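# Fold and contact review
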Amino acid sequence: MLRPPIAPVALLLATMSCTQLPRSAHDPSHADDRPPLSPADALAAFVVEPGYRIDLVAAEPLVRSPVAIAFDERGRLYVVENRGYPDPLDGEPPQEAQGVIAQLIDTDGDGRYDKRTDFATGLTYPNGIMVWNGGVLVTCAPDLLYLKDTDGDGVADQRRVVLTGFDATRTAQIRFSHPTSGLDNWIYLTSGLNGGRVVVPDRPDQAPVAFASSDSRVNPRTLAFELTGGQGQYGLTFDDHGRRFICSNRHPVWHVVLEPRYLQRNPYLTFSETVQEVSTVGADAVVWPLSRDLTTASFIPNLMGTPHAGTFTAASGVHIHRGDALPDGHRDSIFICESAQNLVQRQVREPTGATFRSRPARTGVEFLASPDTWFRPVFSANGPDGALYVVDMYRRDIDHPQYVPEASRPLFDFRAGRERGRIYRLAAAARPPVGFGAALDDASTETLVAALTHPNAWRRDTAQRLLVERQARDAVVHLRTLAASSPAEMGRLHALWTLEGLGALEDDDVSRALRDGAPGIRENAVRITEGRLTSSPALLDAVLPLAADDDARVRLRVALALGDVADERAVQALAAVARRDGTDRWMRASVLSGIGTRAGTFLDAFTDSPMTPAVRAAVMADLGQVFGAAESIERCIDLIASIADPATDATWQSAALVGLARGLRARGMAEAGRSPLLSILAADTPRARTARTRVDALIVRARAIAASDDTPAALRVPAVELLGHRHFGDSGETLLGLLAPSVPADVQLAAVRALGQMSEREAAARLLDARRWQSYTPRTRDAVLTLLLGDARHVHILLDALEQRQMGQNVLNVAWRDRLVRHRDPAIRARATRVLASGLGTSGPDTNSRGAGNRMQTYERVRPDVLRRAGDPSRGAHQYTRHCQACHTVDRSGGHTGPDLSGIRNQPADAILLHILVPDHEITPGYDAYSVETRDGRALFGRLESEAPNSVTVRDATGQPHAILRRDIVSMTAAPSSLMPTGFEEAMSAQELADLLAYLRSPR
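I will try to describe carefully the structure that is included in this document. Since this is a predicted model, take the numbers as computed values, not measurements.

## Section: the overall build of the protein
Across its full length, the protein carries 33 helices and 37 strands. Counted over contacts in the protein with a minimum sequence separation of 6, partners at least 24 positions apart contribute 67%. Accessible surface computed for the protein: about 34,800 Å², of which carbon and sulfur atoms make up 51%.

## Looking at the packing of aromatic side chains
Per the counting criterion, the structure on display carries 16 aromatic pairs. Relative to Phe225, the ring of Phe166 lies with its centre 6.0 Å away and its plane at 85°, an arrangement referred to as edge-to-face. On the criterion of sequence distance, the pair formed by Phe166 in strand S10 (residues 158–166) and Phe225 in strand S16 (residues 225–227) is long-range, its members being 59 residues apart. The two residues Phe166 and Phe225 agree in class, both being buried. Considering the side-chain rings of Phe271 and Trp586, the 5.5 Å spacing of their centres and the 75° angle between planes classify their relative orientation as edge-to-face. Placement of Phe271 in the loop between helix H2 (260–263) and strand S20 (275–277) and of Trp586 in helix H12 (residues 585–593) is noted, with a sequence separation of 315 residues between them. The pair Phe271 / Trp586 is uniform in exposure class, with both members buried.

## Concerning the pairing of S10
As judged from the 6 bridges shared by strand S9 (residues 143–148) and S10, these two strands associate in the antiparallel manner. Each residue of the ladder has a partner; that of Leu145, found in S10, is Val161. Bridge count for S10 against strand S13 (residues 196–199) is 2 bridges, and the pairing is antiparallel. For Phe166, the partnering residue across the bridge sits in S13 and is Gly196.

## Here's the deal with helix H19 (residues 713–723)
Taking burial as the measure, the 11 residues of H19 include 8 buried ones, the bulk of the element. Those residues of H19 not exposed but buried are Arg716, Val717, Pro718, Ala719, Val720, Glu721, Leu722 and Leu723.

## Looking at the nonpolar core
Ranked by internal contacts, the top residues of the largest apolar core, which has 202 residues, are Ile69, Ile101, Leu562 and Phe602. When residues in this core are grouped by element, the largest group, 9 residues, is from helix H14 (residues 613–630). Not counting residues up to four positions away in its chain, the partners in contact with Phe602 are Val571, Leu574, Ala575, Ala578, Val591, Leu592, Ile595, Val619 and Leu623. Within the second largest apolar cluster, 27 residues are counted, among which are Tyr880, Leu901, Ile916 and Met980.

## Some points on empty space enclosed by the protein
Applying the stated criterion across every chain, the model contains 5 cavities of 30 Å³ or more. Taken together, 21 residues form the lining of the largest cavity, with Gly242, Arg243, Val256, Arg527 and Arg557 sitting closest to its centre. Residue assignment for the lining of the largest cavity shows that the elements contributing at least two residues are strand S19 (251–256), H2, helix H8 (519–529) and helix H10 (552–562). Residue composition of the lining of the largest cavity, by class: 8 nonpolar, 4 polar and 9 charged.

## Re the pattern of salt bridges
Under the counting rule described, the total for this entry stands at 68 salt bridges. The partner of Arg349 in a salt bridge is Asp239, with the nearest N and O atoms 3.1 Å apart. Here the residue Arg349 occupies a position in strand S25 (residues 343–352), and Asp239 occupies one in the loop between strand S17 (236–238) and strand S18 (244–248), the gap between them amounting to 110 residues. Both residues of the pair, Arg349 and Asp239, belong to the buried class. Residue Arg588 is joined to Asp622 by a salt bridge in which the shortest nitrogen-to-oxygen separation is 2.8 Å. Of the two residues, Arg588 sits in helix H12 while Asp622 sits in helix H14, which places them 34 residues apart along the sequence. Judged by its relative accessible area of 28%, Asp622 is partly exposed. Connected through salt bridges with shared partners, the residues Asp239, Arg243, Asp332, Arg349 and Glu523 form a single ionic network.

## Points about the pairing of strand S34 (residues 939–947)
Sheet topology note: the S34/strand S35 (residues 951–955) ladder contains 4 bridges and is antiparallel. Bridging from a neighbouring strand, Ser946 pairs with Thr953 of S35. Joining the antiparallel neighbours S34 and S35 is a turn of 3 residues.

## Re the sheet that holds strand S30 (residues 422–428)
With antiparallel pairing, the 4 strands of this open sheet are ordered in space as S2-S30-S29-S28. Each having just a single partner strand, strand S2 (52–59) and strand S28 (377–382) make up the two edges of the open sheet. Ignoring which end each strand starts from, the neighbouring axes of this sheet average 25° apart. As paired elements, S28 and strand S29 (residues 388–392) share 5 bridges and run antiparallel to each other. Bridge pairing links Ala381 to Tyr389 in S29.

## Here's the deal with the state of the cysteines
Evaluation of the coordinates by the stated rule reveals 0 disulfides. With no disulfide partner, Cys337 has as its closest neighbouring cysteine sulfur the one in Cys247, 8.8 Å distant. Taking the relative accessible area as the measure of exposure, Cys337 reaches 0% and is therefore buried.

## What to know about the environment of Leu556
Inspection of the secondary structure puts Leu556 in helix H10. Spatially, the C-alpha atom of Leu556 lies 9.8 Å from that of Ala589, the residues being 33 residues apart in sequence. Beyond its immediate stretch of four places on either side in the chain, Leu556 contacts Val257, Ala354, Trp586, Met587 and Ser590.

## What to know about the sheet that holds strand S12 (residues 187–190)
Note on sheets: strands pair through backbone hydrogen bonds, and any given pair is parallel or antiparallel. Reading across from one edge, S11-S12-S15-S16 is the order of the 4 strands in this open sheet, with antiparallel pairing throughout. In the strand order of this sheet, the two ends are held by strand S11 (177–181) and S16, each with one partner. Ignoring which end each strand starts from, the neighbouring axes of this sheet average 25° apart. Where S12 and strand S15 (residues 216–218) come together, 3 bridges link them in antiparallel fashion. In the strand pairing of S15, Tyr188 is matched with Arg217.

What counts, and where the lines are drawn
- Residues numbered from 1 in each chain as written.
- Predicted model: local features only at pLDDT ≥ 70, side-chain atom pairs only at ≥ 80, totals over all residues.
- Heavy atoms only, no water.
- Helix = DSSP H or I, 4+ residues; strand = E, 2+ residues; numbered from the N terminus.
- Contact = heavy atoms within 4.5 Å.
- Areas by Shrake-Rupley, 256 points an atom, 1.4 Å probe, with all protein chains shown as cover.
- Phe/Tyr/Trp six-rings, centres within 6.5 Å; stacked < 30°, edge-to-face > 60°.
- Buried < 20%, exposed > 50% of the residue type's maximum accessible area, 1.4 Å probe, protein only.
- Pairing = 2+ DSSP bridges.
- Core = buried A, V, L, I, M, F, W, Y, C linked by side-chain atoms within 4.5 Å.
- 1 Å grid on protein atoms, 1.4 Å probe; cavity = no way out; pocket = protein on both sides within 12 Å on 5 of 7 lines; lining within 4 Å.
- Points joined across faces, edges and corners; volume = space filled by probe spheres on them.
- Nonpolar A, V, L, I, M, F, W, Y, C, P; charged D, E, K, R; others polar.
- Salt bridge = Lys/Arg side-chain N within 4 Å of Asp/Glu carboxyl O.
- Axes fitted to C-alpha atoms, helices over the stretch in contact; angles between N-to-C directions.
- Disulfide = S-S within 2.5 Å.

Shown next, in the form of structure tokens:
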């Protein structure tokens, strides 16, 4: 895929950013030296939100190339210095390990650090740190290290590998990071969009955990290691109630809603997502920098000038601030660093269902921004004083050379600034720096317990950590009292989890918390009951009524907790949650994850009481799929008869039957190319005859719904899909009529899928009628081609149409041609090569080999001719629509198989051309190509969007997601090359490539 506007950033750090290109030969107006500012001048250049003050806490030479910080219980500041970044390119000699952990001390109590010790040296690319048990945990792939000073000289003399095996083969900015302690006393880690094969050296009997890309966690006391939901890049934070949030470069805020272990419980559930977008993303994730807009060559002449509007391209260090030193009303704000555009954004969030949404706190201006393009905020944290601390790596160019065309690398100074770095403190203007508060290292047990009620979360978290580290049994009585009667909600909450960490939490403590007046306490209490409910009838009795709790997040935790309980009352409670929250996908997944093989029992409980049609449709579509995959054929036939009852509201019936059919198809309950509903209803039994008669009647109603322009598209789509389970003679003409341009796009795409599912060859062939083809929108054409290429039954229909000139060969972009000439079937491959040779000219080994060397030769050959031409953006828009839009989005329009390119206008033309012509130069993490063959004969090709223990979701070129149970996968292969095909220089002239570049780089 064409790379996104900024390359992966898990040590931050975006490439091709809109503040780069200091001396670009293609943009000579920017050929100045951009000298760094002194710490004092940099501080004066900031524009900060009214009501705040910003102070310098540390600067060079006290810190150099800082990327992460952590405060210990004595107020000392540990700074991770990634001085070696960026790492050498392949073929370059390795460099000496330059990473350092510095220990800073404020000797005079004025709130500014003035003494430094090199706590640890000789590290490669350290990028994260957390204080633990008298030392620090440091992420430095492939290892999670424990470093400790045992003799008090400020230098670590103990170094131990806690975990090892995290991937360290890819560039330094996409490695695991952010060790962060959760309320539950586990330590969480982000993946950096990487995987590994992790082992625990101190537990040789513990099996390795192998994974492609996943966040994870480790229990620091038992060293148990397991994978978690989410794939964070460089940023991890918790809110006051222990909910976890992460980020990636164009996704400023994700909420991790579910953990994989829940989805694993139901082998028939295809839901594989674990995170919810909280903020806007891609083209909608707007930022307002003060630094120059290199696209328009504009420069803001003064700090209060009107900045240009960009988008997040290097979101990192996401941080929910839980300190008490911000202005009133700003606690719980979300702060996101944007190193590429020299700013930090503040967002505010609000609950929505079981999760949240957020938005910028202000429009048109940022929380913190600077016109100084060396300002590179990458990390933020809460301090012992309750203030917000921002880490500034302070580099000229924060790119990695891996993502810069070789010819352009001399224009950058990737090392400039490595000897610099700043750390800032932000707080309410009325809160000047006054030191870092009373130390907690020698605090008594009583003092630490009292600190659990402190308004500053740093002191609460530190107190909990110290009590658990000490295994302070003398704290148990005090903690139990605090949990039962503290007027401070946070005190009660921390007391619960501290008791859990001490192994002293009793069922009575949990039962009391389940009745707490604060929903956040009830939510956490339900979470704690997991693993206890099967052995404690009293706790189960206390949890069951909370299925009707007023708070959605409490109900979500109840659904997750009850999924492990065999008691029939648990199924009744799950059904009650489904009836109330069935339109919420997270609630549906949570409920269905816990029904396992009890789909029939749950169905009876769910349908036992009235509910809205929207809830019934949403739940029955998912439940039908689980039912079809898990239950006997007889039970499925009975359910079909029940669903198709003519006395029932037809608005949900189609969705339920389509879901059940998916489940049946996945288990092989269909002849090749035949609907599974037709297959199982063909039996000559009274049950089947009754069900068949009712389905026939329902089809008549579904046709009316599908064809009704007055019916919302959301209700028409399942009706359309149901028609695909009939013969072409029954419903084919209705479906073909829905391919008119006036029909909503979602309905057209559903009609394409329905026709492709029919057993008759005519159904797919009629999709290519010349007159009809000419009327298709680009998205519908892509859907048709995806369908024909994904089913071996249909590929020859496409080749027939090309051979018979039903449509011109130029309708096939490079991606479709590439798929045909590389088809897995040798016969199709040979025929495609023959058919296409006369029209598009298939790529030969000399010009179109995917080998990086051959493609780079092509790039170097084509580059001068393309870059010397003046491109026309209007003509380039046509090239984009034809060749790129199926997979990529620009300004909210397009597909989602490839990265969002909305910010690509900030890249130089040679960089964009490099990734068009040499797509394997860099494959953006998360956009690897996969080919998946399923038991029902589908051949899917696309991006592996998400995965869970039991299922995966593949997004094809039209943006259509396909959720597949792992048990139904015949083969799944990661392609060695990019999803994006090669050969654009053959499909497009040099002028057309120049036009495309002009369009991608033009203001819109």
